[in-house]
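Here is how the chains run, residue by residue.
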Amino acid sequence: MLRRHARAFVLLLGALVVLNACAARTVDIEGTYPSPNIPPLPLTLGVYYSEALQNFVYTERSDAGKDEYLVNSGSSHMELFNTVLPAMFQQVVVLDDPAMANERGVDAVFIPNIDEFQLGMPQKTRLDSYEVWIKYNMRMTAPDGDYIADWVMTAYGKTGQETFGSAEGGINDAAVAALRDLASNFSISFTSVPDVRDWLQPRLQ
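Residues numbered from 1 in each chain as written. Predicted model: local features only at pLDDT ≥ 70, side-chain atom pairs only at ≥ 80, totals over all residues. Heavy atoms only, no water.

Draft legend 1. Focus on the environment of threonine 191. Tracing the chain through its elements places threonine 191 in the loop between α6 (167-189) and α7 (194-200). Residue classification places threonine 191 among the partly exposed positions, given a relative accessible area of 37%. What threonine 191 contacts, discounting residues up to four positions off in sequence, is Leu41, Val196, Arg197 and Leu200. (Helix = DSSP H or I, 4+ residues; strand = E, 2+ residues; numbered from the N terminus. Buried < 20%, exposed > 50% of the residue type's maximum accessible area, 1.4 Å probe, protein only. Contact = heavy atoms within 4.5 Å.)

Have a look at this one:
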């Protein structure tokens, strides 16, 4: 009887080890993002984070199609914009719903979204680095929802494999580097987006 129980325990333990080995590893992106040192525009900007952005998860799969890594970056994207936008505008209001824009007295509503997320792993790319590439769709609307601007931005981050003892660390730092790349390019290029520039011109005179 004892031998039977011991055998069952060993089989159960083996099954748990196999399940754990097959389970995808979760990477919650964590980092810090610098605030740009630029004169703020004398406007109140509403920002709306869609559920898709807030809960964004990228799934990296093996060549066999099995989930290997789940990369959660939604909260980091919100943290980035919550750092960058207040440096760019006199006031920033986070909206739970774009329909609240008029009653909150904002001049425009900014809605960032992630269109694509790509992850380069050393064992797949044969390069000695982790890479993250993200494509964004940026939108701005008037408080009543009318079109102001719609443009695409990309961000890229890379970190050397030798820097990290784990794949999770490499993925995290490559993603943080991509987000910092976005922060820098967004703050510098924002007023140069043609439709944004046309909208800003009469408001800054």
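Draft legend 2. Looking closely at the pattern of salt bridges. The tally for this structure, following the rule as stated, stands at five salt bridges. Close ionic contact of glutamate 60 with lysine 124 constitutes a salt bridge, the shortest N to O distance being 2.8 Å. With glutamate 60 in strand β3 (residues 57-61) and lysine 124 in helix α5 (residues 122-125), this pair connects stretches of sequence that are 64 residues apart. Since its relative accessible area comes to 31%, lysine 124 is described here as partly exposed. Here glutamate 116 and lysine 135 are joined by a salt bridge, their closest N and O atoms 3.8 Å apart. Taken together, the positions of glutamate 116 in strand β6 (residues 108-120) and lysine 135 in strand β7 (residues 129-141) put the pair 19 residues apart, joining distant regions of the chain. Here the salt bridges share partners, and the residues they tie into one network are Glu60, Glu68 and Lys124. (Salt bridge = Lys/Arg side-chain N within 4 Å of Asp/Glu carboxyl O.)

Draft legend 3. Examining the sheet that holds β7 more closely. Read from one edge of the open sheet, five strands run β5-β2-β6-β7-β8, paired in mixed fashion. Edge positions in the sheet fall to β5 (89-95) and β8 (147-160), since each of these pairs with one other strand and no more. Mean inter-strand twist for the sheet, computed between neighbouring axes without regard to direction, equals 25°. Contacts between helix α3 (residues 74-88) and the sheet are confined to β2 (41-48), β5, β6 and β7, with β5 contributing the most and set at about 150° to the helix. Relative to β8, α6 is tilted by about 140°, and along the sheet it contacts β6, β7 and β8. (Pairing = 2+ DSSP bridges. Axes fitted to C-alpha atoms, helices over the stretch in contact; angles between N-to-C directions.)

Draft legend 4. Quick peek at the packing of aromatic side chains. Within this structure, the stated rule accounts for nine aromatic pairs. With centroids separated by 5.8 Å and ring planes inclined at 85°, the aromatic side chains of phenylalanine 81 and phenylalanine 186 adopt a geometry described as edge-to-face. On the criterion of sequence distance, the pair formed by phenylalanine 81 in helix α3 and phenylalanine 186 in helix α6 is long-range, its members being 105 residues apart. Classification of phenylalanine 81 by relative accessible area gives buried; the value is 1%. With a relative accessible area of 2%, phenylalanine 186 lands in the buried category. Centre to centre, the rings of phenylalanine 186 and phenylalanine 190 are 5.6 Å apart; their planes meet at 45°, and the pair counts as tilted. Comparing phenylalanine 186 with phenylalanine 190, the two get one shared label, buried. (Phe/Tyr/Trp six-rings, centres within 6.5 Å; stacked < 30°, edge-to-face > 60°.)

The analysis is restricted to geometry; functional conclusions fall outside its scope.
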